[in-house]
Amino acid sequence: MEDVNRSDTSNTTLLNNKGSVTQTFSGEKALPIGTLTIQQLLQRNIPEYRCEICRETFPSEYDVITHKQIHSRKKPYCCEVCGKYFVSNSKLTRHKRQHTGERPYHCEICAKSFVDNGGLNRHKRIHAEDKHYRCEVCEKSFVYNSDLTKHKRSHTGEKPFHCEICGKSFSDNSSLVIHVRCHTGEKPFHCEICGKCFSENSKLTIHIRSHTGEKPFPCEICGKSFSVNSHLVVHRKIHTGEKPYLCEYCGKSFITNSHLKTHKLKHTGGKPLKREV
């Protein structure tokens, strides 16, 4: 072993067939870690393993070797559906659920499902009403600051994510990723029942309900259920009488914008309206 950068602490570089890992430790007499208190662990420079590329530290040499695959782009685990590679088998397993639509982690409160436990735990905070991030414009609150940042763009109109193909801009990166698929024709989400493919996982989820008959969105007024939440939103307006879409020609109102567009054809002689630029 080779001593490197010796000062108050000494660094030892461990060599192996997968690269070098730096181990740092103090010159004090070693004690079994199990005999030390947490305070003593903080005061002593307990051996640690450091990535020489980004200087991040890890508890073992194995953890560093696994981590360094990110830098070396060694991704031995390949998805047989889309050909994408991953650093670990667990990441590949999670990715595969995008193709199958599998969401094995379920919220006990609202029955919403997620592809991994991390997504479920993140979601659960919504029910806990732990919303510390408040919008100064409309006072809507959010669990995460990242969600507040995205929301603020609805007020400012900021769209920092741009499509390199057509130049269209989006307020968040996930919307851009979905949009790019309309250019590439990529439809990575496959229905295991009929084989139909979709560009978005949410569309696959809705499609699967056409096979299962599931209608998880019930109307609290009349009990009628719907497979898509947007259909429930439109249905509720029947009870409330709300008709927010107004015809500028005759003043007649409609529940949905599509109904308004169909109505306007009567005024235009059946010709579709020109889009405003």
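In this text the structure is predicted, and so the values were computed from the model without any measurement.

Peer 1: When you look at the overall build of the chain in this model, what are you seeing that I'm missing?
Peer 2: Counting secondary structure elements, the chain contains 9 helices and 19 strands. The buried share of the chain, reckoned over its 277 residues, is 27%. Residue pairs at least 24 apart in sequence account for 13% of intrachain contacts in the chain once pairs closer than 6 positions are excluded.

Peer 1: Explain the UniProt feature "domain: C2H2-type" (unreviewed entry) in the chain to me, please; I cannot follow it from the model alone.
Peer 2: Under the local residue numbering, the UniProt record ascribes the feature "domain: C2H2-type" (unreviewed entry) to residues 49-76, 77-104, 105-132, 133-160, 161-188, 189-216, 217-244 and 245-272. End C-alpha atoms of residues 133-160 are separated by 21 Å, and the span's content is 43% helix alongside 14% strand. As annotated, residues 217-244 comprises 43% helix and 14% strand, and the C-alpha atoms at either end are separated by 22 Å.

Peer 1: Whenever I open this one, helix H7 (residues 201-212) confuses me. Can you help?
Peer 2: Count 3.6 residues to each turn of an α-helix, and residues three or four apart come out pointing the same way. The terminal C-alpha atoms of H7, which comprises 12 residues, lie 17 Å apart, in line with the 16 Å expected from a rise of 1.5 Å per residue. Within H7, the full set of buried residues consists of Asn 201, Leu 204, His 207 and Arg 209. Close packing links the buried residues of H7 with helix H3 (89-100), strand E14 (189-190), strand E15 (197-198) and strand E16 (217-218).

Peer 1: Help me out: how do you make sense of the side chain of Lys 264 in this one?
Peer 2: Among the structural elements, Lys 264 can be located in helix H9 (residues 257-267). The buried category is assigned to Lys 264, whose relative accessible area is 12%. Here Glu 248 takes part through its side chain, which lies 3.0 Å from a polar atom of the side chain of Lys 264.

Peer 1: Where do I start with H9 in this structure?
Peer 2: Regarding H9, the residues found buried are Leu 260, His 263 and Lys 264. Angular distribution of buried residues about the axis of H9 spans 105°; they occupy a single face of the element. Of the residues in H9, the exposed ones pointing more than 90 degrees away from the buried face are Lys 261 and Thr 262. Elements that come into contact with the buried residues of H9 comprise strand E18 (245-246) and strand E19 (253-254). Following H9 by one or two positions, Gly 269 has its phi on the positive side, about 75°.

Peer 1: Would you mind showing me how to read the environment of Asn 117 here?
Peer 2: Within the secondary structure, Asn 117 sits in helix H4 (residues 117-127). Exposure remark for Asn 117: the relative accessible area of 38% places this residue in the partly exposed category. Each C-alpha atom, one on Asn 117 and one on Tyr 105, is 6.1 Å from the other, the two residues being 12 residues apart in sequence.

Peer 1: Could you clarify how one ought to interpret the pattern of salt bridges in this entry?
Peer 2: Close approach of charged atoms allows side chains with opposite charge to pair. One pass over the structure, following the stated rule, counts 8 salt bridges. A salt bridge links Glu 220 to Arg 236; its shortest N-O distance comes to 3.3 Å. Here Arg 236 lies in helix H8 (residues 229-240) and Glu 220 lies in the loop between E16 and strand E17 (225-226), a separation of 16 residues in the sequence. Here Glu 220 falls in the exposed class, since its relative accessible area comes to 57%. The class of Arg 236 is partly exposed, set by a relative accessible area of 30%.

Conventions and cut-offs
- Residues numbered from 1 in each chain as written.
- Predicted model: local features only at pLDDT ≥ 70, side-chain atom pairs only at ≥ 80, totals over all residues.
- Heavy atoms only, no water.
- Helix = DSSP H or I, 4+ residues; strand = E, 2+ residues; numbered from the N terminus.
- Buried < 20%, exposed > 50% of the residue type's maximum accessible area, 1.4 Å probe, protein only.
- Contact = heavy atoms within 4.5 Å.
- UniProt positions renumbered as here; feature names shortened; annotations may be inferred.
- Expected span 1.5 Å × (residues − 1).
- Polar contact = N/O pair within 3.5 Å; in protein donor to acceptor, adjacent residues only side chain to side chain.
- Arc of directions from axis to C-beta.
- Salt bridge = Lys/Arg side-chain N within 4 Å of Asp/Glu carboxyl O.

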